[in-house]
Every structure is written in C-alpha cells, then in structure tokens.
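# Structural characterization, general
Here's the letter readout for the chains.
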2 protein chains.
Amino acid sequence: MRSFVIIGHRVKTSSDFNLNDLCASTGRLDILLRCINAAFFLSGDIRRDTEIYLVLLGEPEPPKTVHLVGSELKYLNPDERSTGALIRNALMKEIKNEEIRSTPGIYVSGKNFEELLKDLENQIIYLKETGEDIRREIVYLKEEGEDVRQMDLQNDAVFVLGGQKDLTEDEEEILKKHNAKTVSLGPVKLHASHCITIVNNEMDRRNSKHF
Amino acid sequence: MRSFVIIGHRVKTSSDFNLNDLCASTGRLDILLRCINAAFFLSGDIRRDTEIYLVLLGEPEPPKTVHLVGSELKYLNPDERSTGALIRNALMKEIKNEEIRSTPGIYVSGKNFEELLKDLENQIIYLKETGEDIRREIVYLKEEGEDVRQMDLQNDAVFVLGGQKDLTEDEEEILKKHNAKTVSLGPVKLHASHCITIVNNEMDRRNSKHF
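First, a word on what this report is: a plain description of the structure on this page. (Residues numbered from 1 in each chain as written. Chains lettered and ligands numbered in written order. Predicted model: local features only at pLDDT ≥ 70, side-chain atom pairs only at ≥ 80, totals over all residues. Heavy atoms only, no water.)

This paragraph deals with the overall build of chain A. The number of helices and strands found in chain A is five helices and 12 strands. Relative to a compact globule of 211 residues, whose C-alpha radius of gyration would be 17 Å, chain A shows 16 Å and is just as compact. Judged by the C-alpha coordinates and their principal axes, chain A covers about 50 × 40 × 35 Å. A buried classification covers 58% of the 211 residues belonging to chain A. Treating the 29 positive side-chain charges of chain A as one cloud and the 36 negative ones as another, the clouds have centres 4 Å apart. (Helix = DSSP H or I, 4+ residues; strand = E, 2+ residues; numbered from the N terminus. Rg over C-alpha atoms; globule rule 2.2 N^0.38 Å. Buried < 20%, exposed > 50% of the residue type's maximum accessible area, 1.4 Å probe, protein only. Lys, Arg positive; Asp, Glu negative; His and termini not counted. Charge placed at Lys NZ, Arg CZ, Asp CG, Glu CD.)

Below you can see the structure in the form of structure tokens.
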C-alpha cells in the first residue's frame, strides 16, 4: 500500500461551502481535491493499492481527517467539482475518534496528525525479500531533502506533505520523532498534487522490470 | 521555451457550456484544464518559459486551437472552474486563421494540428553550446516509446500528447512526417495532465546542476 498524508492547514472542517467556489470559501480545499486526483487516477483505472489522508485543520471543528481508500472507492471522478461533493458529504458526518464511513472508500475521523502518523507507523508490513515484519517508513517531501532518485524507499512508504503551505515547526518535530526521511523531488518548489504525481511515477518505475 | 500540444478530439469548439458541468457537456474540456494547471503552476509562481496549445476538434466549429503563453498570462488560477471561464472567453472570439488575443496570454486560431506542428517545427532556436541554429524537436508522449530518462531531449522541445484518447493513426502519421521522437514516461498509462507534470519535472532536473 502506498499512502499519502496531506495537511490542509486552513481547510474548512464543515460542509457549508459552495461547490461553485472551491477555492476561497473552503480555505483552499481545491488544492486537496487535486491531490486526490493525482493520488488515484490512471488512464481508465484507479490505483487500488493507494490511499490518501487529508488532515484538515481549518475552522470550525479541527482536526478532521478524511481518508480515501483506493481499493474501495466508488463514484470518484477526476474533476474537482464532483470530488468536492464527496468530501462535503464526508464533512457532514458526526465525528468520532474512530473512522466512520461516508461513501464507499471514504472515511472521516477526528484524528490529529500525530495520532495518524502513529497509527500508520504501527502498521506492520511483511517484506517478501527478507521474510521480515517491519514498520512502515515515513517520508517527508520537502525541497531541502535528498534527491528521491538516489534514495532507497520502502514500497509501502507513507509520504507526507503540506497542502497550501509547508509543514509547521511542530509538525516537522512530530515527523522527526517518527524518523521520517526527508526527500526532494526536484529543483523547483511544486504544488502538492504535482508532487504526488511525481512520487507515483517514481514508485511505478521501481515496481516495473522495464524501467 | 517548453511547448505542450494536446489534442482534445471531442472537446467542444463553442462557448455555450456551463462552468458547473465541465466534464460531460464540454466533450471533456476538464481534462485539458488540468493540463493547463500541470503545464504552468509552480508553488507561488507560473512557469514563464512554457506554453501550451489545446487543439479542439469537437463540434460545432472544429478545429480551434487555444494557445496559452506563460510569459504573458494573467488571471490564471490553479482551479478548473476559473480556467474553464478563461477558455470559454477564448471560444467566444470570432476565429481567423491567424491567432487573435482573448485575454492576456491566451490566443485562439483556426489552425489544425498539422499547420500547428509545421509552425512549431519551423521556429528556429539558437543552441548556445554549439552556436548552431536548429529546428525545434517534436516529442510524442506514448507508452510504447523509449524511456524518457534515457533520451537526449532538446530543452526547447515540443511535447505532443492526446487528451482523453490516444492520437489517431492520421495524427501519428503527421508526427512521423515531422520526425517526432516517441518517448515513454513510465510503465503505466497516465492521464495527460500527469504526463505534463512528469515532463516538467524531468526537464527541471536537466536544467539544474543539483539534480
């Protein structure tokens, strides 16, 4: 499983927004909708082995974490507006600490970033090559990191990045505590959704014999 | 200058569509709007050295070619809806064979794919390294091509790809006539906008000393 975690520092945690204005009135939910597109869409298919967590920290009820699971998703289309409607449905749900399902493959919880990272790191994966059971690797995408093409990366890594803004110092401290690798994708500062596309391409190539 | 040419085989060539339905009623203009996002947006900036041509072949008045020029663009935002409004403005213009300006950095003409390729290939560029004047290289993005990471590519190359569908046999014949290189980006079939993001990343890296 490939996981992406994106923090939307200002993204609204209520469902009272207009699908005709997904930018200003939502605290830039539009950025996260493009991340969903980048994470899941192949030409004519959906990446079933991928999931994404959107950690929403805007008013009025932060935090809320929306979780999309590729293997279960239905009704997901590539455009921003229809994906915005699915996320709005999730934000209508009454929040508990545990995840509750909104529509197929879309869950919402009241987890914060640190709780989420702890959960993900504690997921044990089985490494075929060595027969070992290991924890998932956390990878922080940031310009100042080491070049992704030179790095060993776990196939089941968790990739963390900021939505509109960089992560805060506190969030970077949490990543440090979880031994995150800091990885750079290239020489220019990119939109979050473009970062996800490049990570997917890099991992696709590593999983293929022909590239 | 980096150029992208995307063919929208079914994309409507009139402006009578609704911004609340950018998928079905437009012949999948939404796909091309995401290509515009991928071509131009950096975090907090626009790629000024990039341009994109959208060759629209849907009813009622094909062909129309919409041309966006990074160095002149104003009012471009990353979301699909506002970009859709800019393209709709361009489609309201009366078409001539030569380009006419719609809004800053956005032009529209009645050029077809072959005329456009001829124009682009005839743009002479000066190669600093050797002091030569040369024609621009045409690069066709297709899964069956050679791995992009193994290819020499001109910095001012013209990258051609299909929007919703592959290019037709006739269009591939035109590319052959222009000596296009066929280049693959990875092992899985991707959306057009994701291809553009990966090309931009690949070329960014080649233009940097640190990657």
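Having seen the model, we can carry on.
The omega torsion across glutamate 59 of chain A and proline 60 of chain A is 0 degrees, close enough to zero to call that bond cis. By secondary structure assignment, the location of proline 60 of chain A is in the loop between β4 (50-56) and β5 (64-69). With omega at -10 degrees, the peptide bond leading from proline 62 of chain B into proline 63 of chain B counts as cis. Within the secondary structure layout, proline 63 of chain B lies in the loop between β4 (50-56) and β5 (64-69). Even without glycine at this site, arginine 28 of chain A takes up a positive phi of about 70 degrees. Among the secondary structure elements, arginine 28 of chain A is positioned in the loop between β1 (2-8) and α1 (29-40).

Right, let's get into the side chain of threonine 13 of chain A. By secondary structure assignment, the location of threonine 13 of chain A is in the loop between β1 and α1. Those residues in contact with threonine 13 of chain A, other than ones at most four positions away along the chain, are Leu56, Gly58, Glu59, Pro60, Glu61, Pro62, Lys64 and Leu91 of chain A. (Contact = heavy atoms within 4.5 Å.)

What follows concerns the interface of chain B and chain A. Frequently, the measure chosen for interface size is the accessible area that the parts lose on association. Across the boundary between the two partners, chain B contributes 35 residues, which contact 35 residues of chain A. With both chains or domains summed, chain B and chain A bury close to 3300 Å², and 55% of this area falls on carbon and sulfur atoms. For the pair chain B and chain A, the number of links is four salt bridges. Its salt-bridge partner being arginine 149 of chain B, residue glutamate 202 of chain A comes within 2.7 Å of it at the nearest N-O pair. For the pair chain B and chain A, the interface holds 18 residue pairs in polar contact (both at pLDDT 80 or more). Counting only elements with at least two residues in the side of chain B that touches chain A, the list comes to α1 (29-40), β2 (41-42), α2 (80-92) and α5 (192-206) of chain B. Of the residues forming the side of chain B that touches chain A, the biggest block, seven residues, is contributed by α5 of chain B. Grouping the amino acids of the side of chain B that touches chain A by side-chain chemistry returns 12 nonpolar, 10 polar and 13 charged. (Buried area = accessible area lost by both parts, 1.4 Å probe. Salt bridge = Lys/Arg side-chain N within 4 Å of Asp/Glu carboxyl O. Polar contact = N/O pair within 3.5 Å; in protein donor to acceptor, adjacent residues only side chain to side chain. Nonpolar A, V, L, I, M, F, W, Y, C, P; charged D, E, K, R; others polar.)

Now for the layout of surface pockets. The probe, sized like a water molecule, is rolled over the atoms to show the empty space still left. Space inside the largest pocket adds up to approximately 540 Å³. Lining the largest pocket are 30 residues, and of these Lys189, Leu190, His191 and Ala192 of chain A together with Ser43 of chain B lie nearest its centre. Broken down by element, the residue count for the lining of the largest pocket peaks at four residues, all from strand β10 (residues 138-147) of chain A. Looking at the second largest pocket, its volume works out to about 410 Å³. Along its surface, the second largest pocket is lined by 26 residues, and Ser43 of chain A together with Lys189, Leu190, His191 and Ala192 of chain B are the ones closest to its centre. By residue number, the principal contributor to the lining of the second largest pocket is strand β10 (residues 138-147) of chain B, which donates four residues. (1 Å grid on protein atoms, 1.4 Å probe; cavity = no way out; pocket = protein on both sides within 12 Å on 5 of 7 lines; lining within 4 Å. Points joined across faces, edges and corners; volume = space filled by probe spheres on them.)

The next point concerns empty space enclosed by the protein. Under the definition given, this model contains six cavities of 30 Å³ or more. Considered as a void within the structure, the largest cavity measures approximately 110 Å³ in volume. Put simply, the parts of the chain that give the lining of the largest cavity at least two residues each are α1 and α5 (192-206) of chain A together with α1 and α5 of chain B. Residues of the lining of the largest cavity, tallied by class, amount to two nonpolar, eight polar and two charged. In this structure, the second largest cavity spans a volume of roughly 70 Å³. Lining the second largest cavity, in full, are Arg149, Ile198, Asn201, Glu202 and Arg205 of chain A together with Val148, Arg149, Leu185, Ile198, Asn201 and Glu202 of chain B. At the level of elements, α5 of chain A together with α5 of chain B are the ones that each hand at least two residues to the lining of the second largest cavity. In terms of residue class, the lining of the second largest cavity is made up of four nonpolar, two polar and five charged.

Residues and elements named next belong to chain A. Strands sit in the order β6-β7-β5-β4-β1-β11-β10-β12 across an open sheet of eight strands; the sheet is mixed. Taken across any chain shown, the strands that pair with only one partner, and hence form the sheet edges, are β6 (100-103) and β12 (181-184). Direction aside, neighbouring strands of the sheet carry axes that sit 30 degrees apart on average. Docked against the sheet, α1 engages β1, β4 and β5, running at close to 170 degrees with respect to β4. (Pairing = 2+ DSSP bridges. Axes fitted to C-alpha atoms, helices over the stretch in contact; angles between N-to-C directions.)

Moving on: the pattern of salt bridges. Any two side chains of opposite charge can pair if their charged atoms end up close together. Residues and elements named next belong to chain A. In the structure shown here, the tally under the stated rule is 40 salt bridges over all chains. Linking lysine 111 and aspartate 119 is a salt bridge whose minimum nitrogen-to-oxygen distance equals 2.9 Å. Taken together, the salt bridges that share partners define one network made up of Arg28, Asp30, Arg34 and Glu80.

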